[in-house]
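Read off the chains here:
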Amino acid sequence: MIGDPTRLSQIIINLVGNAIKFTSNGYVMLKITILKDFTKKVRFLFEVSDTGIGISDEKQKSIFNTFTQAD
């Protein structure tokens, strides 16, 4: 597969790390599903779920803004 493994790993590590940080009891789950398998392309769905405290609606508005990061 061709992609940006550094960026993908950063995103997954951040999502799972935050889920672990705010989940003192319960579980954190990373699920990867193949949605479509084309001849030369594959589409994946990455899901992180947990039983942590969650993020308030007010904070959600500010944390999902676009950002860039140097490699």
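For the structure, check the block above.
This structure is a prediction, so every number in the text was calculated from the model and none was measured. Going along each chain's sequence as written, the residues are numbered from 1 onward. Per-residue local features of the predicted model are confined to residues with pLDDT of at least 70, and side-chain atom pairs are confined, for both listing and counting, to 80 or more; whole-chain, interface and lining totals are unaffected and use all residues. Only hydrogens and water are set aside when side-chain values are computed; all heavy atoms of the structure are taken into account.

**Student:** Any chance you could break down the overall build of the protein for me, citing the residues and the numbers?
**Tutor:** Strands here are runs of E lasting at least two residues and helices are runs of H or I lasting at least four, both read from the DSSP assignment and numbered beginning at the N terminus. Regarding its fold elements, the protein presents two helices and two strands. The size measure is the radius of gyration over C-alpha atoms, and the globule rule it meets is 2.2 Å times the number of residues to the 0.38 power. What you see for the protein is a C-alpha radius of gyration of 15 Å, clearly larger than the 11 Å of a compact globule of 71 residues, by over 25%. Its C-alpha atoms give the protein principal-axis dimensions of roughly 40 × 30 × 20 Å. Of the contacts made within the protein by residues no fewer than 6 positions apart, 35% connect residues no fewer than 24 positions apart. The protein chains shown are the only cover counted for residues, whose accessible areas, like all others here, come from Shrake-Rupley with a 1.4 Å probe. Here the protein displays about 6,600 Å² of accessible surface, and carbon together with sulfur accounts for 57% of that area. On the protein, the mean spot of the 9 positive side-chain charges and the mean spot of the 7 negative ones are 6 Å from each other. The contact criterion used throughout is that any non-hydrogen atoms of two residues lie within 4.5 Å. Charged residues are defined here as Lys and Arg on the positive side and Asp and Glu on the negative side; His and the ends of the chain fall outside this count. Where a charge sits is defined by one atom per residue type, namely NZ (Lys), CZ (Arg), CG (Asp) or CD (Glu).

**Student:** Please give an account of the pairing of strand E2 (residues 42-50) that cites residues and values.
**Tutor:** The pairing criterion is simple: DSSP has to find at least two bridges between the two strands. Here strand E1 (residues 28-37) runs beside E2; their pairing, made up of nine bridges, is antiparallel. Bridge pairing in E2 links Met-29 to Ser-49. In this antiparallel pair of consecutive strands, E1 and E2, the connection spans four residues.

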